[in-house]
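Here's the letter readout for the chains.
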Amino acid sequence: MSEKNRTNPQAGDHDISIIRPALRLEDIRNRNRDNSPEKLRAVKKALRTLHTLELMAQTIYKFQITKEPSEFNRQLTAAMCNEMTHYQDYQVKLYEYGLRPGIFRSAYWLVGFAFGFGSRLLGRKAMLKTGIWAETKAVHHYGELLNRVDWDEDCRRVIEKNQADEHGHINRWRALLESL
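What you are looking at is a predicted structure, and each value in this text was computed from that prediction instead of being measured.

Procedures and definitions
Residues numbered from 1 in each chain as written. Predicted model: local features only at pLDDT ≥ 70, side-chain atom pairs only at ≥ 80, totals over all residues. Heavy atoms only, no water. Helix = DSSP H or I, 4+ residues; strand = E, 2+ residues; numbered from the N terminus. Rg over C-alpha atoms; globule rule 2.2 N^0.38 Å. Contact = heavy atoms within 4.5 Å. Areas by Shrake-Rupley, 256 points an atom, 1.4 Å probe, with all protein chains shown as cover. Lys, Arg positive; Asp, Glu negative; His and termini not counted. Charge placed at Lys NZ, Arg CZ, Asp CG, Glu CD. Core = buried A, V, L, I, M, F, W, Y, C linked by side-chain atoms within 4.5 Å. Buried < 20%, exposed > 50% of the residue type's maximum accessible area, 1.4 Å probe, protein only. Expected span 1.5 Å × (residues − 1). Arc of directions from axis to C-beta. Phe/Tyr/Trp six-rings, centres within 6.5 Å; stacked < 30°, edge-to-face > 60°. Axes fitted to C-alpha atoms, helices over the stretch in contact; angles between N-to-C directions. Parallel < 35°, antiparallel > 145°, perpendicular 65-115°, else oblique. Left-handed = near helix turned anticlockwise from the far one by under 90°. Nonpolar A, V, L, I, M, F, W, Y, C, P; charged D, E, K, R; others polar. Salt bridge = Lys/Arg side-chain N within 4 Å of Asp/Glu carboxyl O.

**Notes on the overall build of the chain**
On a plain count of helices and strands, the chain comes out with five helices and zero strands. Beginning at the N terminus, the succession of helices and strands in the chain can be written as α-α-α-α-α. A compact globule built from 180 residues should have a C-alpha radius of gyration of about 16 Å, and the chain, at 17 Å, falls within 12% of that. Look at the contacts in the chain between residues 6 or more apart in sequence, and 79% of them connect residues 24 or more apart. Approximately 10200 Å² of the chain is accessible, and the part contributed by carbon and sulfur atoms is 55%. Charge centroids of the chain, computed over 29 positive and 23 negative side chains, lie 6 Å from each other.

Structure follows, in structure tokens:
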């Protein structure tokens, strides 16, 4: 197994040490051509789901981070940045398909705030368990949506990379939990 995937065998060929992959101008495409209405509906529902859940995930981490200059906060900050990147990935894909984010996504910000701040009040163990729970749910959603929707190759690659990142978060939080 390569060094880049040693902590995450589920990552496959994805380098989970890269938190924010490069996005170039030529990577942006118009994807809403030649799609049936059924496919566009499925893509819309899936991308909105992923986009909204990534907002919740980044918000959980934002409200778990404290002012303490610690390795734990560094790991939370890296996870938050990674979730922000996923959120941007899905926002870009929505617009590439000529779609818009869901109008009720702010409700998931509130849920993320509740889980993030609530777990922070309960301590590091609760924070790690919350992260494991949220990321496990994310991996499950990713798997369902990868199987349910007929993605183009580029979208599938982005979604698979983001799913590998979520596996990496689970493994990181489990290792930190075991060290407590």
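**Looking at the environment of L145**
Of note, L145 is situated in helix α4 (residues 124-148). Considered as a pair, L145 and L50 are 95 residues apart in the sequence and their alpha carbons are 8.8 Å apart. If near-sequence neighbours (up to four positions away) are discounted, L145 is found in contact with A46, T49, L50 and W151.

**A word on the nonpolar core**
V43, L47, W151 and I159 are the most contacted members of the largest nonpolar core, which has 16 residues in total. Looking at this core, the elements with two or more residues in it are α1 (37-62), α2 (71-96), α4 and α5 (153-178). Leaving out residues up to four positions away in the same chain, I159 has contacts with L50, Y90, Y142, L146 and W151. By size, the runner-up hydrophobic cluster in this structure holds ten residues, among which are Y61, A79, M80 and L128.

**Describing helix α3 (residues 106-122)**
Under the 1.5 Å per step criterion, the end-to-end length of α3 is 24 Å for 17 residues, consistent within 8% with the ideal 24 Å. Within the sequence span of α3, burial applies to G112, G116 and S119. For α3, the angular spread of buried residues about the axis comes to 75°, placing them on one side. For α3, the exposed residues set more than 90 degrees away from the buried face come down to L110, L121 and L122. Summarising the contacts, the buried residues of α3 are in contact with α1 and α4.

**Concerning the packing of aromatic side chains**
Counted by the stated rule, this structure contains seven aromatic pairs. Ring geometry for Y61 versus W173: centroids 5.7 Å apart, planes at 55°, classification tilted. Here Y61 is found in helix α1, whereas its partner W173 is found in helix α5, with 112 residues between them in sequence. The exposure classification of Y61 matches that of W173, with both residues buried.

**Regarding α2**
Between its first and last C-alpha, α2 extends 37 Å over 26 residues, near the 38 Å set by a 1.5 Å rise per residue. Positive backbone phi, approximately 75°, marks G98, located one or two places after α2.

**Some remarks on the packing of α1 against α4**
Between α1 and α4, whose axes approach to 11 Å, the crossing angle comes to 170°. Between α1 and α4, the interaxial angle falls into the category roughly antiparallel. Note on packing geometry: the crossing formed by α1 with α4 is left-handed. In this structure, α1 contributes A46, T49, L50, L53, E54, I60 and Y61 to the contact, and α4 contributes T130, G131, A134, E135, H141, Y142 and L145. Per-class residue counts for the contact of α1 with α4 are eight nonpolar, four polar and two charged.

**So, the pattern of salt bridges**
Under the definition given, this model contains 13 salt bridges. R31 is the salt-bridge partner of E96, the closest N and O atoms lying 2.5 Å from each other. In this pair, E96 sits in helix α2 while R31 sits in the segment before α1, placing the two residues 65 residues apart along the sequence. With its nearest N and O atoms 3.9 Å apart, the salt bridge here joins R41 to E38. One end of the pair is R41 and the other is E38, both in helix α1 and three residues apart, which spans about a single turn. Of the two residues, R41 and E38, neither departs from the other in class, the shared state being exposed. Connected via shared salt-bridge partners are R29, R31, K93, E96, D152, D154 and R157.

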